[in-house]
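Here are the chains, one letter per residue:
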Amino acid sequence: MYLNIIKMKNSLPLLSFCILSFVLFTECSIENDEVVEAQFVCTVDFVEFTSDVSANVKFDVIVDGISDSFIAKHSYTTQNSNYLIGDSIVNIYNFLQNGNEANFDFEYGLNLGAFCAELFPNIPAHEHNPFAAEAIKNLNGKNLGKWKIKKKTTLKSIDKQ
């Protein structure tokens, strides 16, 4: 029996090492899985109204670690303080301007997926979440307004007044 206790004491460091290795391996596996899921990121850099009927929206995209930017050029319509860009590509709701700053709710439109699919033939599944935006007007532009988004707050839904 005394011999069994000595064997257990000697195996305690080995057992501790095995448990620690399992925990670290599991943690690393979870982190690697998260990286695999985040292979596609799409954000909005700015919205620019180039005329009374045309707008540009700059999307910054990361696919498998490679960054690129795309400017979607579409016509838009207005309904009060709402701007509907393209054929359901982007919707901006409750646009409120105060000098060179603006606040608005940004919604990726229902047809944005088709636009993305044209750019990326094997696009991974992803979500576009609406967000509340704080933007600042670029004073160097010669257009109706180029609004650089400086802060985004994710929204669960948008009030489309």
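Preceding block: the structure.
As the structure is a computational prediction, the values presented were derived from the model and not from experiment.

Asker: What exactly am I supposed to notice about the sheet that holds strand S5 (residues 90–98) here?
Answerer: The strand order S1-S2-S3-S4-S5-S6-S7-S8 describes a closed barrel built from 8 strands, whose pairing is antiparallel. If you compare each strand with its neighbour and ignore which way they point, the axes differ by 35° on average.

Asker: Looking at this structure, I do not really get the side chain of Asp105. What am I missing?
Answerer: Here Asp105 lies in strand S6 (residues 101–108). Of the residues examined, Asp105 reaches a relative accessible area of 15% and is grouped as buried. Within the local environment of Asp105, its side chain forms a polar contact with the side chain of Asn94, the two groups lying 3.4 Å apart.

Asker: Mind showing me how you'd approach the nonpolar core here?
Answerer: It is characteristic of soluble globular proteins that their nonpolar side chains tend to be buried jointly. In this structure, Phe49, Phe59, Ile85, Ile92, Phe104 and Phe106 are the most contacted members of the largest nonpolar core, which totals 31 residues. Of all the elements, strand S1 (residues 40–49) adds the most residues to this core, at 5 residues. Sequence-distant contacts of Phe59, defined by excluding residues within four places in its chain, comprise Cys42, Thr43, Val44, Asp68, Ser69, Phe70, Ala72, Val90, Tyr108, Leu112 and Phe115.

Asker: Got a minute to help me understand the pattern of salt bridges in this structure?
Answerer: Where charged atoms from two side chains of opposite charge come close, those side chains can pair. Applying the stated rule across the entire model yields 4 salt bridges. Note that Lys148 is salt-bridged to Asp45, the shortest N-O span being 2.2 Å. Here Lys148, found in strand S8 (residues 145–154), pairs with Asp45, found in strand S1; they are 103 residues apart in sequence, far enough to count as distant. Relative accessible area serves as the criterion here: at 11%, Asp45 is assigned to the buried category. Counted as one network, the salt bridges with shared partners bring together Asp45, Lys58, Asp60 and Lys148.

What counts, and at which threshold
- Residues numbered from 1 in each chain as written.
- Predicted model: local features only at pLDDT ≥ 70, side-chain atom pairs only at ≥ 80, totals over all residues.
- Heavy atoms only, no water.
- Pairing = 2+ DSSP bridges.
- Helix = DSSP H or I, 4+ residues; strand = E, 2+ residues; numbered from the N terminus.
- Axes fitted to C-alpha atoms, helices over the stretch in contact; angles between N-to-C directions.
- Buried < 20%, exposed > 50% of the residue type's maximum accessible area, 1.4 Å probe, protein only.
- Polar contact = N/O pair within 3.5 Å; in protein donor to acceptor, adjacent residues only side chain to side chain.
- Core = buried A, V, L, I, M, F, W, Y, C linked by side-chain atoms within 4.5 Å.
- Contact = heavy atoms within 4.5 Å.
- Salt bridge = Lys/Arg side-chain N within 4 Å of Asp/Glu carboxyl O.

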